[in-house]
Number of protein chains: 2
Amino acid sequence: MNLEIIREISTPSPTKIVLLVIDGLGGLPNPETGKTELETAKTPNLDQLATKGVCGLIDPVSPGITPGSTPGHLALFGYDPVSCNIGRGVVEAMGIDFDLGPGDIAARGNFCTVDEAGQVTDRRAGRIPTEKCTELCRLLDGLVIEGVRLFVCPVREHRFVVVFRGEGLAPEVSDSDPQQVGVATRAIVALNPQADMMAAIATQFVAQAKKLLAGHYPANMVLLRGFSQRPHLPTMGEVYKLKPAVIAGYPMYRGLAKLVGMQVLETGASIKEEFVTLKQKYADYDFFFLHIKGTDSAGEDGDFDRKVRIIEEVDNTLPGLTSLEPDVIVVTGDHSTPALLKGHSWHPVPILLYSKWCRTDRVGEFSESACIFGGLGRFPATQIMPLAMAHALKLTKFGA
Amino acid sequence: MNLEIIREISTPSPTKIVLLVIDGLGGLPNPETGKTELETAKTPNLDQLATKGVCGLIDPVSPGITPGSTPGHLALFGYDPVSCNIGRGVVEAMGIDFDLGPGDIAARGNFCTVDEAGQVTDRRAGRIPTEKCTELCRLLDGLVIEGVRLFVCPVREHRFVVVFRGEGLAPEVSDSDPQQVGVATRAIVALNPQADMMAAIATQFVAQAKKLLAGHYPANMVLLRGFSQRPHLPTMGEVYKLKPAVIAGYPMYRGLAKLVGMQVLETGASIKEEFVTLKQKYADYDFFFLHIKGTDSAGEDGDFDRKVRIIEEVDNTLPGLTSLEPDVIVVTGDHSTPALLKGHSWHPVPILLYSKWCRTDRVGEFSESACIFGGLGRFPATQIMPLAMAHALKLTKFGA
């Protein structure tokens, strides 16, 4: 559904929606048992919610498409993930609470290792500790190149963000990160004439960084990618008339949520702490996006059993959410991350929606194979928000 | 999914995809047994593949829309069948390996019978043998009308192609074929001013053909339809980075496949011969479109039992495909052709997808009624290629 139409028919109300995103939730069957991670996990609380609610399967972007975290989450928030695709630099900047101005250009940076010939030998500089990253960022931060002010801010381990602030910058430049080792870093080139100045300044920055980092092996060079500008998305407040908040231990997801106008709530990063934060702040907002990262990380590591355990931990903690009696609870993922594939995948993601007003189906367990038969069917993730809003009685009739 | 995005995220790899199209596969239940053609046929091999794979139902164009062969196949290849609709003349020209130039206009022709009053008495001239058609085409071929060169080439039986090559031609002219008997042939008129010259030349061609064919009863006149120009479709090589090939005994399907850049493989026309061709050429390509025509012809003839037998023959021959162990096997049809309707229909078409990476469902037989409960759900046929590509691990992640 078109956001303009949702904006017209949405209406504020005291009802509350909780969107629980179990990152990378969907899986593939363990060849030995024929059961996915979610099907293997003991999840009595999720199964009860599935029994009382209505289930289905979502396609985050489109069948066959493996989404990155950004399109996966934008779709969950109701934004078209194709037309709203957002650069990595912006996402990382948002994740560290960097207040990006409208003309700022952000890029994602890695500290990396290069050998004497200038070839990249480690794209992550041995995953230096965050403290070292912070120290190195201080070396580079505050440079001014041809009138453009640079901000260099640590993220975590080897990762940092660089923000270029000045007149006449455009984001259409290529990455310096070759995305492989054994080759030199790439020249940053303008992809259109408007970006010539940006390419020149980024190139100078890389040269200066190389000099300043010379004595800091293994972090003796930088790699930049995802030069991008903050997009102008309508906020969830504008579209849905919601007062939304995000509870996420991992910076990138807070950044994504901020991009659509969510308030970031201070929280500990464990599952238990996130649910405690929800309880503490429950009175203050009417929409909560609660993000669980561990399932995706376990899937990416190929650790089937750990993913099972984290799903079980979420299930154990779930009464902390259900006892608050939200009007609408949605549980799903931003994409599948099967341990078998050790990465994001294209497979559809189970979803359950619970509300006093849902039309229940016959699904009695929250699993990939049961959700095939759910009353929500298989549908694009962008339709979740209209469904959640409807079940919270926050959408008025369309048309006379 | 937008082809531009698929083009960005597709990547070459050694994995192989086989798309087995059983033309007109979907059916309607025999009132005596309550079973469709596919449900009546004994198909142990397809059922086994359905058990190991994942099933669903496709809509070739859109629910309720009965597709012609061209949109049905374009959708299977991932091209939007509405915006890419291709004229019949072009499809026929492609099917006989006619090398259409960018400005050429092609029309499908029938030799037909007209009586002394000029009324059509047989739109197919008693289905004259191909040899006779070839002889008559030689009579008409090579005419030059107002500087426009005409190519008249036999297809099969009463069918031929005429290609107009010259400056200033446009395809927007009406058909001369009235699509019924007992009426006169229609005047060819321009549907816009740019096509005035085309209409004039086609009208002169029809007049000259009438004179030249006067002594060749029953083939004493021509009917023309589907004036059209070769469209500019991106090839499957460009979009998917595939090296694709077609195995089809029937010219039109080879023509369609060529239009999207597939290599045409020489093959015998029987099911067995087509599977032998697949085996012989298996090493040389990474995508095979294998087309089975007989099911559609049987459906068009209203011959329920023959359609059943042909499906059983495909099933018998299937080990010739599965023994090659393609990474992805897709079995489906371009539309339904229920014997009860004696023609193409709008009913959704069963699909099965087998791959090491598919998330299996509980479907244990390949049939219309079982596929309703498949894990792929019901979806537009244009999504088959992204799904096949994903399961062959040929698509990279979309977005950061």
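Residues numbered from 1 in each chain as written. Chains lettered and ligands numbered in written order. Predicted model: local features only at pLDDT ≥ 70, side-chain atom pairs only at ≥ 80, totals over all residues. Heavy atoms only, no water.

Peer 1: How do you make sense of the overall build of chain A when you look at a structure like this?
Peer 2: Secondary structure assignment for chain A yields 15 helices and 14 strands. For chain A, whose C-alpha radius of gyration is 22 Å, the value lies close to the compact-globule estimate of 21 Å for 400 residues. The principal-axis extents of the C-alpha atoms in chain A amount to approximately 65 × 55 × 40 Å. Here chain A has roughly 15,500 Å² of accessible surface; of this, 50% comes from carbon and sulfur atoms. (Helix = DSSP H or I, 4+ residues; strand = E, 2+ residues; numbered from the N terminus. Rg over C-alpha atoms; globule rule 2.2 N^0.38 Å. Areas by Shrake-Rupley, 256 points an atom, 1.4 Å probe, with all protein chains shown as cover.)

Peer 1: Can you walk me through the sheet that holds strand β9 (residues 244–248) of chain B in this structure?
Peer 2: To summarise the sheet geometry, strands pair through backbone hydrogen bonds and adopt either a parallel or an antiparallel arrangement. Residue and element names in this part refer to chain B. Pairing is mixed in the open sheet, where eight strands are placed in the order β10-β9-β11-β1-β12-β13-β2-β14. Both edges of this open sheet fall to β10 (263–264) and β14 (377–380), since each of them pairs with a single strand only. Here helix α3 (residues 44–52) sits on the sheet and contacts β2 (54–59), β12 (328–332) and β13 (349–355); the angle it forms with β13, its principal contact strand, is near 65°. Docked against the sheet, helix α10 (residues 271–281) engages β1 (17–22), β9 and β11 (287–292), running at close to 170° with respect to β11. (Pairing = 2+ DSSP bridges. Contact = heavy atoms within 4.5 Å. Axes fitted to C-alpha atoms, helices over the stretch in contact; angles between N-to-C directions.)

Peer 1: In this structure, what is going on with the side chain of T70(B)? I would like to understand it.
Peer 2: Among the secondary structure elements, T70(B) is positioned in helix α4 (residues 69–76). Note on T70(B): relative accessible area 7%, which makes it buried. (Buried < 20%, exposed > 50% of the residue type's maximum accessible area, 1.4 Å probe, protein only.)

Peer 1: Which parts of the structure should I look at to understand the side chain of R159(A)?
Peer 2: Tracing the backbone shows R159(A) in strand β7 (residues 159–165). Apart from residues lying up to four places away in sequence, R159(A) is in contact with E92(A), R108(A), G109(A), N110(A), C133(A), P154(A) and Y250(A).

Peer 1: Help me understand the interface of chain A and chain B in this model?
Peer 2: One frequently used descriptor of interface size is the decrease in accessible area upon assembly of the parts. Listed by partner, the interface residues are 34 residues for chain A and 25 residues for chain B. With both sides pooled, the region where chain A packs onto chain B buries about 2,300 Å², and carbon together with sulfur makes up 66% of that total. Run the count over chain A and chain B and you get zero salt bridges. Where the side of chain A that touches chain B is concerned, the elements lending two or more residues are α4 (69–76) and α14 (368–371) of chain A. When its residues are assigned to classes, the side of chain A that touches chain B shows 18 nonpolar, 13 polar and three charged. (Buried area = accessible area lost by both parts, 1.4 Å probe. Salt bridge = Lys/Arg side-chain N within 4 Å of Asp/Glu carboxyl O. Nonpolar A, V, L, I, M, F, W, Y, C, P; charged D, E, K, R; others polar.)

Peer 1: Explain the environment of K293(B) here, please?
Peer 2: All names here are of chain B. Structurally, K293 can be placed in the loop between β11 and α11 (294–300). Assessed through its relative accessible area of 19%, K293 is described here as buried. In this structure the C-alpha to C-alpha distance between K293 and V120, which are 173 residues apart in sequence, comes to 29 Å. Setting aside residues no more than four positions away along its own chain, K293 makes contact with D23, Y250 and Y253.

Peer 1: Quick question: what am I supposed to make of the sheet that holds strand β2 (residues 54–59) of chain A here?
Peer 2: All names here are of chain A. An order of β10-β9-β11-β1-β12-β13-β2-β14 is seen for the eight strands of this open sheet, with the pairing classed as mixed. A single partner strand is all that each edge strand has here, and the edge strands are β10 (263–264) and β14 (377–380). The sheet contact formed by strand β12 (residues 328–332) and strand β13 (residues 349–355) spans four bridges and is antiparallel. Across the sheet, residue V331 finds its bridge partner in β13, namely L352. Of the strands in this sheet, β2, β12 and β13 touch helix α3 (residues 44–52), which is tilted by about 65° from β13.

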